[in-house]
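Here's the letter readout for the chains.
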Amino acid sequence: MSAAVIVFPGSNCDRDCKVAVERSTGERVEMVWHGETELPKGLDLIVLPGGFSYGDYLRCGAMAAQSPIMQAVKTAADDGVAVVGICNGFQILCEAGMLPGALLRNAGLKYVCKPITLQVANGQTRFTSGYQGRREVVMTQGNGDGNYFADAQTLARLEGEGQVVFRYVDNPNGSVADIAGIQNARGNVLGMMPHPDRAFEAELGSADGAVLFQSVLNAA
Amino acid sequence: MAKVSVHVFLKPGVLDVQGKAVEGALNGLGWTGVSNARVGKLIEFDMAEPDEAEVKRMCETLLANTVIEGYRIEVG
């Protein structure tokens, strides 16, 4: 497998993601600066990391979604390459129109940072197949704007097509339908607020995040 | 050259938690008649060749996320 992590100005989980994917899969991960217009050839996975791209100015992810590299990311996704957006990366995917809906300020107004239990709402995706039917996994949450919103029609489509991948067991931010992560209709673009990159070995409190990256590897 | 103002607000029906917090604070300070507080953004800039259609494109592309936000443009 070959993977790349996109680095935006203000990303702060980019190195975490690189280490997480490398240690989870044993594969090398390239770092790609957002100002580039081309991705390395032959990628199986592109990760948009967490952080505060462009200082969260205007809206979280709004500026990053317009970065030069995003055109190449969209083209790669259209070609079937797996894309995982984590936290700020999820916000960027929504702002870029690669996933439906948007992330609002947490309903409680507070930044939420803690380990969190997720229900695997769809275990038949290329991101979750490795959980082998497990219903719950533990990862870490850390965001101020993680309150997923979509209108009723979009929500019905997400639910109907099995595009809701993860749900919060105990909703920390007011997300509609307890949604923590969704995928696109084709099933190759995943956006999620919790961090698999902060839960890839037991020393971190959970190794459940590693399984997500391994699932992508096995599907590639 | 014209001064352009773009007002961006969350759409009705989208929970405005900042507005709710401001409203609660004002109520708590004694302004009990305050309700429906909304917090939005005002973006101002000078435009060499003012063109409302172009400003609308700016809103749709970057300034507003039309999934959750509406906007109002003032030129001049």
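Residues numbered from 1 in each chain as written. Chains lettered and ligands numbered in written order. Predicted model: local features only at pLDDT ≥ 70, side-chain atom pairs only at ≥ 80, totals over all residues.

**Looking at the environment of B:P12**
When you line up the elements, B:P12 lands in the loop between β1 (2-10) and α1 (17-28). Along the backbone, B:P12 and B:R72 are 60 residues apart, and their C-alpha atoms lie at a distance of 14 Å. (Helix = DSSP H or I, 4+ residues; strand = E, 2+ residues; numbered from the N terminus.)

**A closer look at unusual backbone geometry**
All names here are of chain A. Its identity is not glycine, yet D56 carries a phi of approximately 60°, on the positive side. Among the structural elements, D56 can be located in the loop between β3 (45-48) and α2 (69-78). One non-glycine residue, A177, lies in the positive phi region at around 55°. Tracing the backbone shows A177 in the loop between β9 (164-168) and β10 (179-183).

**Description of the sheet that holds β9(A)**
All names here are of chain A. On the basis of which strands lie adjacent, the open sheet formed by nine strands has the order β2-β1-β3-β4-β11-β10-β9-β6-β7 and mixed pairing. Edge strands, defined here as strands with exactly one partner in the open sheet, are β2 (29-33) and β7 (136-143). Within this sheet the neighbouring strands show an average axis-to-axis angle of 25°, counted without direction. Relative to β3, strand β1 (residues 3-7) is paired through three bridges, and the arrangement is parallel. (Pairing = 2+ DSSP bridges. Axes fitted to C-alpha atoms, helices over the stretch in contact; angles between N-to-C directions.)

**Concerning the nonpolar core**
Core analysis: the biggest nonpolar cluster contains 75 residues, and A:I6, A:L45, A:I46, A:V47, A:I86 and A:L93 have the highest contact counts within it. The contact partners of A:I86, leaving out residues within four places of it in the chain, are A:C13, A:C17, A:V47, A:L48, A:P49, A:G50, A:M192, A:H195, A:P196 and A:D197. If you look at the next biggest cluster of nonpolar residues, it comprises six residues, including B:V55, B:C59, B:L63 and B:A64. (Core = buried A, V, L, I, M, F, W, Y, C linked by C-beta atoms within 7 Å. Buried ≥ 20, exposed ≤ 12 C-beta atoms within 10 Å, placed from the backbone. Contact = placed C-beta atoms within 7 Å.)

**Some thoughts on helix α1 (residues 14-25) of chain A**
Residues and elements named next belong to chain A. Its 12 residues give α1 an end-to-end C-alpha distance of 17 Å, which sits within 8% of 16 Å, the value for a rise of 1.5 Å per residue. Three or more residues of α1 are buried, namely D14, C17, K18, A20, V21, S24 and T25. Buried residues in α1, looked at end-on, bunch into an arc of 165°, giving them a common side. For α1, the secondary structure elements touched by its buried residues are β1, β2, β3, β4 (82-86) and α5 (208-219). At the C-terminal side of α1, G26 shows a positive phi close to 80°. (Expected span 1.5 Å × (residues − 1). Arc of directions from axis to C-beta.)

**As for the sheet that holds β1(B)**
Whether parallel or antiparallel, the strands of a sheet pair through hydrogen bonds between backbone atoms. Residue and element names in this part refer to chain B. Reading across from one edge, β2-β1-β3 is the order of the three strands in this open sheet, with antiparallel pairing throughout. Each having just a single partner strand, β2 (41-47) and β3 (69-75) make up the two edges of the open sheet. Neighbouring strand axes in the sheet, compared pairwise and without regard to direction, differ in orientation by 20° on average. With seven bridges connecting them, β1 and β3 associate as antiparallel partners. For H7, the partnering residue across the bridge sits in β3 and is R72. In this fold helix α2 (residues 52-63) packs onto β1, β2 and β3, with an angle of close to 150° to the strand it touches most, β3.

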